[in-house]
Structure formats: structure tokens, C-alpha cells
Amino acid sequence: MPPNPWTSWPLRESLSREGTGAARLWVGRAIRVLVAAGLLWTTLAGGAFSGWGLGAAAAGMVATMLVFRGFLRTTLARRLWPSVGLFVLLEAAAFGFDLAGARTAAVVLWCACAITAMQRLPLSVALPCSAAALAAFATMNSDNWLTTTTTTVGLALAGYVVRLDAEARGNAQRLLAQERAARTAEAETAALAERGRIAREIHDVLAHSLSAQLVHLEAARQLIQRSTDLEADRDQILERVVACRGMAREGLDGTREALSALRGDMIPIEDFLRRLTAAEGAQLDVTGERRTVPAEAGLALRRVAQEALTNVRKHAPGARVSVRLEYADGDVGLEVRDSGGSGAPAELARSGAGYGLLGMRERAELLGGTLESGPEEEGFVVRLRVPA
């Protein structure tokens with residue numbers, strides 16, 4: 001529900017000098033100093049005061065300036081009744097100056113009170129306060145009625161224009177602050193999203209690498225446990241250990257590759273798949289018009305291919321594997337199919353946490369794609385399709 005313009009205070013940004021340029025601040029200060037000096041000179045050198053009266057007039061003007069400054073501060077703090085009380089004191093001071101013969105100071109104070117009240121108070125209070133100041137000015141003014149009326153109306157309009165200008169400036173400052181806050185929040189959100197992407201990539205790389213290592217370590221454990229002649233099985237055990245070391249190296253390389261990919265430095269997906277399928281003894285088929293794949297989609301294709309081939313090694317050792325990369329309109333598809341294999345020992349098939357394909361499916365859904373996996377004909381198939 002929007003605030004009531006009659007009872008609500010002007011925006012705090014419109015009452016303060018926050019956001020005002022340094023040059024404008026110094027110009028405003030210089031004008032206020034010149035006006036105060038001019039009033040003091042006009043009042044004290046006008047011949048209306050002499051002797052002790054000069055001292056009293058100077059003290060009265062200094063006190064009035066302090067009260068006016070207090071009025072500005074209380075309105076900035078949005079304290080209504082103290083502001084009204086200080087305004088009444090200023091009106092009384094203006095009458096005192098007029099009765100004492102300092103007519104210029106009285107006129108300037110009435111005009112300043114009328115304009116400032118209209119600018120800084122809620123409209124329900126600003127209108128009567130400004131009207132009282134203008135009425136006092138019109139009543140005590142000795143000019144003809146036409147000049148007095150014109151001046152009064154002009155001051156009223158000037159006060160309202162100053163209020164509108166201050167409100168516009170306050171709205172601009174508030175919008176600028178909101179824009180800065182939005183940019184800061186956007187930058188923080190982008191940073192968190194980037195951290196999430198990096199964490200997800202590192203998790204997937206390490207999960208794949210550790211799962212593959214676990215396969216070889218489990219095989220080596222079974223060889224050691226079942227062997228009656230460790231020396232005879234030494235070559236097979238060494239082969240498994242060397243494979244684990246290779247998988248650990250691949251995990252580190254994959255982590256570096258993931259970070260490089262997130263920075264936009266990544267080899268084409270078909271080159272990566274050629275290396276991967278060559279190392280795994282799988283067949284690769286690439287169809288469609290080749291093009292550059294976005295980093296997120298390319299990483300998803302890499303991780304799914306690695307996870308699918310690791311699952312073949314775990315659950316269907318010896319199976320024939322075919323990998324198909326398809327460039328289509330608006331997306332890229334990957335299919336990893338195996339022929340079934342001879343089956344793996346129970347301990348080997350149960351190695352790993354079993355969350356690989358689930359994580360890949362979540363990754364695909366985050367990108368707006370799909371991942372399907374399951375038995376088909378004589379083997380197992382994994383299909384990924386992501387926008388690219």
C-alpha cells in the first residue's frame with residue numbers, strides 16, 4: 001500500500017545531502033555563509049541598534065541560526081513535534097526582528113520558514129506552517145497589496161517546487177541505491193553460482209576417478225585374497241595398482257580440465273571422446289554438423305561419457321562398447337551402449353556409491369536436458385541430450 005502523501009514525511013534522501021556532489025555542497029555552503037554575513041551586516045549596520053542593542057541583536061541572530069539548524073536536523077530525524085516547536089520559535093524570532101526594526105532579517109526568516117516547511121514537513125503540517133509564515137509576511141509587509149499578494153503566491157509556489165525537486169532528487173538517490181544493491185546481489189549470486197559449478201565439477205571428476213580406482217583396487221584385493229602364489233599373480237596385481245595410479249593421475253588431470261573448461265579453455269568434445277574411447281577400447285561415431293558446444297553442455301557430455309564407461313568396466317567387463325555423439329538442431333546428444341559383457345564379480349559390481357548416473361541426470365536437468373539409462377536388447381544404454 002503506497003504511503004499517504006498528506007501524512008508521510010518526504011524521503012530521507014531528499015532531506016539529506018547524501019549523494020550530492022562535492023562542488024554542489026561547497027556552493028551551497030558558500031551561499032549560506034554569504035546570506036548569513038549579509039543579514040548580519042544589514043541588521044547591525046542599519047542603525048536600528050546601538051550600544052548593548054548591537055550585542056543583543058547579534059546574539060539573537062546567532063541563536064536564530066542555531067534554531068534554524070536544529071529545525072533542519074529534527075526534520076531529517078522525522079521528529080514532528082520538536083520540528084513544529086522549533087518552527088514556532090523561528091516565527092517568534094521573525095516577529096521579534098520586525099518589532100525591533102530589523103525588517104530585512106524578519107522578511108528573510110519568514111520566507112525561509114515558508115519554503116523550508118513546505119520542503120521538509122509532511123503536507124498536512126507543511127501547508128498550515130507555510131501559510132502561517134506567509135500570512136505573517138503579508139500582514140507585516142508595508143508594500144502595496146498587489147506586490148504583497150504576488151510575492152506571497154510566488155513564495156508558496158517556490159516552496160512547492162522546491163519540495164517536488166527534493167522529492168525527485170530523493171527518488172533518484174533511492175533508485176540509484178537500489179540499483180547498486182541489485183548489482184551487488186547479482187554479483188554475489190553469480191559468484192555463488194560459479195562456486196557451485198566448480199564444486200559440482202570437482203565432485204563429479206573425483207567421484208568418477210575414485211570409482212574407477214575402486215574397481216581396480218577391488219580386483220587387486222580379490223587377486224591377493226584368492227591367490228595361492230602371489231609371485232605368480234604378481235603381474236596382474238601390479239597391473240591393477242598401475243591402473244589405479246593412472247586413474248588418480250586422470251582424476252587430477254580431470255579436475256584441472258574442469259576448471260579450465262569453466263574458464264572457457266576446453267578442447268572440442270569429439271577430440272575428448274576420441275581419446276577416451278581409444279583408452280577404453282570403445283567405438284566412436286560422430287554425426288551431424290560439428291560446432292562449438294557451450295562449456296556447461298560440454299562438461300556434461302564429458303562426465304556422462306566417463307561415468308557410463310566406468311559403469312561398463314564395473315558391471316560388464318569385456319563388453320563391446322559404442323559411443324555416439326550427435327549434433328542436432330538446438331541440442332547435442334550422446335549415447336553409450338554396451339553389448340552386455342560376461343558379468344562382474346559381486347564385490348566388483350557393488351563398488352562405488354551408486355550415485356553416478358543420478359548425479360548426471362541432475363546435471364542434465366539443471367541444463368534443461370534429459371538423461372535416460374537402462375537395459376535395452378542385449379546390453380545397457382545411456383542417452384543424454386542437452387541444449388547446445
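Cut-off values and rules
Residues numbered from 1 in each chain as written. Predicted model: local features only at pLDDT ≥ 70, side-chain atom pairs only at ≥ 80, totals over all residues. Heavy atoms only, no water. pLDDT = per-residue confidence, 0-100. Helix = DSSP H or I, 4+ residues; strand = E, 2+ residues; numbered from the N terminus. Contact = heavy atoms within 4.5 Å. Phe/Tyr/Trp six-rings, centres within 6.5 Å; stacked < 30°, edge-to-face > 60°. Buried < 20%, exposed > 50% of the residue type's maximum accessible area, 1.4 Å probe, protein only. Axes fitted to C-alpha atoms, helices over the stretch in contact; angles between N-to-C directions. Parallel < 35°, antiparallel > 145°, perpendicular 65-115°, else oblique. Left-handed = near helix turned anticlockwise from the far one by under 90°. Nonpolar A, V, L, I, M, F, W, Y, C, P; charged D, E, K, R; others polar.

S.K.: Even after reading the chapter, I still don't get the confidence of the model for the protein, so can you show me in this structure?
M.R.: Detailed reading of the predicted model is not advised wherever pLDDT is low. Mean pLDDT over the protein works out to 78, with 83% of the residues at or above the 70 mark. No element of the protein has a lower mean pLDDT than helix H11 (residues 346–349), at 44, and none a higher one than strand S2 (residues 321–328), at 92. Confidence drops under pLDDT 50 across residues 345–355; counting only partners more than four residues distant or on other chains, this segment forms 18 contacts.

S.K.: Could you clarify how one ought to interpret the packing of aromatic side chains in this entry?
M.R.: Aromatic ring pairs: the centre-centre distance and the angle between the two ring planes describe each pair. Overall, the coordinates contain 3 aromatic pairs when judged by the stated rule. When the centroid spacing of 6.1 Å and the interplanar angle of 45 degrees are considered together, the rings of Phe71 and Phe87 count as tilted. Taken together, the positions of Phe71 in helix H3 (residues 52–76) and Phe87 in helix H4 (residues 80–100) put the pair 16 residues apart, joining distant regions of the chain. For Phe87, a relative accessible area of 4% puts it in the buried group. Measuring from ring centre to ring centre gives 5.2 Å for Phe95 and Trp110, while their planes differ by 80 degrees; the resulting arrangement is edge-to-face. With a gap of 15 residues between them, Phe95 in helix H4 and Trp110 in helix H5 (residues 103–120) connect regions that are remote in the sequence. Using a relative accessible area of 34% as the deciding quantity, one classes Phe95 as partly exposed.

S.K.: Please clarify how the packing of H3 against H4 should be interpreted in this entry.
M.R.: The angle between the axes and the distance between the axes are what describe a pair of packed helices. For the pair H3 and H4, the least separation of the axes is 9 Å and the interaxial angle reads 155 degrees. Looking at the two axes, H3 sits roughly antiparallel to H4. The way H3 lies across H4 gives a crossing that is left-handed. Taken together, the residues of H4 that come into contact with H3 (itself represented by Gly60, Met61, Thr64, Val67, Phe68, Gly70, Phe71, Thr74 and Thr75) are Pro82, Ser83, Leu86, Phe87, Leu89, Leu90, Ala93 and Phe97. Per-class residue counts for the contact of H3 with H4 are 11 nonpolar, 6 polar and no charged.

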